[in-house]
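Structural overview for review
This is what each chain is made of:
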Amino acid sequence: MEIALFQPDIAGNVGTILRTASCFGVPAHIIEPCGFPFGDAALRRAGMDYAARADVRRHADWDGFSGWSHSTAGRLVLLTTAGATRLPDFAFAHGDILLFGSESAGVPPHVHAAAAERVAIPMQPGFRCLNVAVAAGIALAEALRQTKGFPA
């Protein structure tokens, strides 16, 4: 399992996601540009010392990430409020790459179209979306549960 963040806007969310990824031994990908100067100072507060221990790969842009992801065997699974499949009904597989959009804009149509699967986390009617770090934690936990990928 891997996590990818498309042009994230908020350093605190990225720090929290990197902390989560580090705790579960999951690589994380940052697809730039970010809405903040990417670096230790920006990530330190939410990520604490865990962010520094995360397995992070930065990609200069979508094309760079897309080229990398096509070279892997993993599916690109976009978590989106417009997902066709509800999270509890989706079957994750080893090697899936969980993609999350930016906090302000999600992902553009060409990124949406590039995903092999589109999954939504069900919520009560009338709510727009979850915080991206919360959504990443929920989706990653379900993916690891299904694939028996939690650390021993």
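It should be emphasised that the depicted structure is a prediction, and the values quoted were computed from it without experimental measurement.

1. Overview of helix H6 (residues 132-147)
Across its 16 residues, H6 extends 22 Å between first and last C-alpha, which sits within 8% of the 22 Å expected from 1.5 Å per residue. Turning to H6, its buried residues number three or more, namely Val-132, Ala-133, Ala-135, Ala-136, Ala-139, Leu-140, Glu-142, Ala-143, Leu-144 and Thr-147. Measuring from the backbone nitrogen of Ala-133 back to the side-chain oxygen at the start of H6 gives 2.7 Å, which picks out Asn-131 as the cap. At the C-terminal side of H6, Lys-148 shows a positive phi close to 55 degrees.

2. As for a nonpolar patch on the surface
Taken together, Met-123, Phe-127, Leu-130, Val-134 and Ile-138 make up a surface patch of nonpolar side chains, about 430 Å² in accessible area. Mapped onto the elements of the fold, Met-123 is located in the loop between strand E7 (117-120) and H6.

3. Considerations on the nonpolar core
Ranked by internal contacts, the top residues of the largest apolar core, which has 31 residues, are Ile-3, Leu-79, Leu-98 and Phe-100. When residues of this core are traced back to their parent elements, those giving at least two are strand E1 (2-6), helix H1 (11-24), strand E2 (28-31), strand E4 (76-79), strand E6 (97-100) and H6. Element by element, the count of residues in this core is highest for H6, at eight residues. Apart from the residues lying within four places of it in its own chain, the contact partners of Leu-79 are Leu-98, Leu-99, Phe-100, Val-119, Ile-121 and Ala-139.

4. Brief notes about the state of the cysteines
For the structure shown, the criterion picks out zero disulfides. Free of any disulfide, Cys-34 has its nearest cysteine sulfur in Cys-129, 19 Å distant.

5. Overview of the side chain of Glu-142
Tracing the sequence through the fold places Glu-142 in helix H6. Its relative accessible area of 16% is what places Glu-142 among the buried residues. Residue contacts for Glu-142: discarding those within four places in its chain leaves Leu-87 and Phe-92.

6. A short note on the layout of surface pockets
Of the pockets and cavities examined, the largest pocket occupies roughly 550 Å³. As for the largest pocket, its lining consists of 25 residues, and the residues nearest its centre are Leu-79, Thr-80, Thr-81, Cys-129 and Leu-130. For the lining of the largest pocket, the secondary structure elements donating two or more residues are E4, E7 and H6. Partitioned by chemical class, the residues of the lining of the largest pocket number 15 nonpolar, nine polar and one charged.

7. Points about empty space enclosed by the protein
Tallying each qualifying case throughout the model produces one cavity of 30 Å³ or more. Considering only enclosed or pocket space, the largest cavity measures out at about 30 Å³ in volume. Looking at the largest cavity, the residues that line it are Leu-5, Phe-6, Pro-8, Ile-17, Phe-100, Gly-101, Glu-103 and Val-132. Per-class residue counts for the lining of the largest cavity are six nonpolar, one polar and one charged.

8. Observations concerning the packing of aromatic side chains
Enumeration according to the criterion identifies five aromatic pairs in this entry. A centroid spacing of 5.6 Å and a plane angle of 40 degrees characterise the contact between Phe-65 and Trp-68, whose relative ring orientation is tilted. Of this pair, Phe-65 and Trp-68 both sit in helix H4 (residues 62-70), three residues apart, which is roughly one turn of that helix. Take Phe-65 and Trp-68: they sit in the same class, and that class is buried. Measuring from ring centre to ring centre gives 4.8 Å for Phe-90 and Phe-92, while their planes differ by 80 degrees; the resulting arrangement is edge-to-face. By relative accessible area, which is 7% here, Phe-90 ends up buried.

Definitions and cut-offs
Residues numbered from 1 in each chain as written. Predicted model: local features only at pLDDT ≥ 70, side-chain atom pairs only at ≥ 80, totals over all residues. Heavy atoms only, no water. Helix = DSSP H or I, 4+ residues; strand = E, 2+ residues; numbered from the N terminus. Expected span 1.5 Å × (residues − 1). Buried < 20%, exposed > 50% of the residue type's maximum accessible area, 1.4 Å probe, protein only. Polar contact = N/O pair within 3.5 Å; in protein donor to acceptor, adjacent residues only side chain to side chain. Patch = residues over 30% accessible without salt bridge, like charges linked within 9 Å, V, L, I, M, F, W, Y side chains within 5 Å. Areas by Shrake-Rupley, 256 points an atom, 1.4 Å probe, with all protein chains shown as cover. Salt bridge = Lys/Arg side-chain N within 4 Å of Asp/Glu carboxyl O. Core = buried A, V, L, I, M, F, W, Y, C linked by side-chain atoms within 4.5 Å. Contact = heavy atoms within 4.5 Å. Disulfide = S-S within 2.5 Å. 1 Å grid on protein atoms, 1.4 Å probe; cavity = no way out; pocket = protein on both sides within 12 Å on 5 of 7 lines; lining within 4 Å. Points joined across faces, edges and corners; volume = space filled by probe spheres on them. Nonpolar A, V, L, I, M, F, W, Y, C, P; charged D, E, K, R; others polar. Phe/Tyr/Trp six-rings, centres within 6.5 Å; stacked < 30°, edge-to-face > 60°.

Just distances and angles here, no functional claims.
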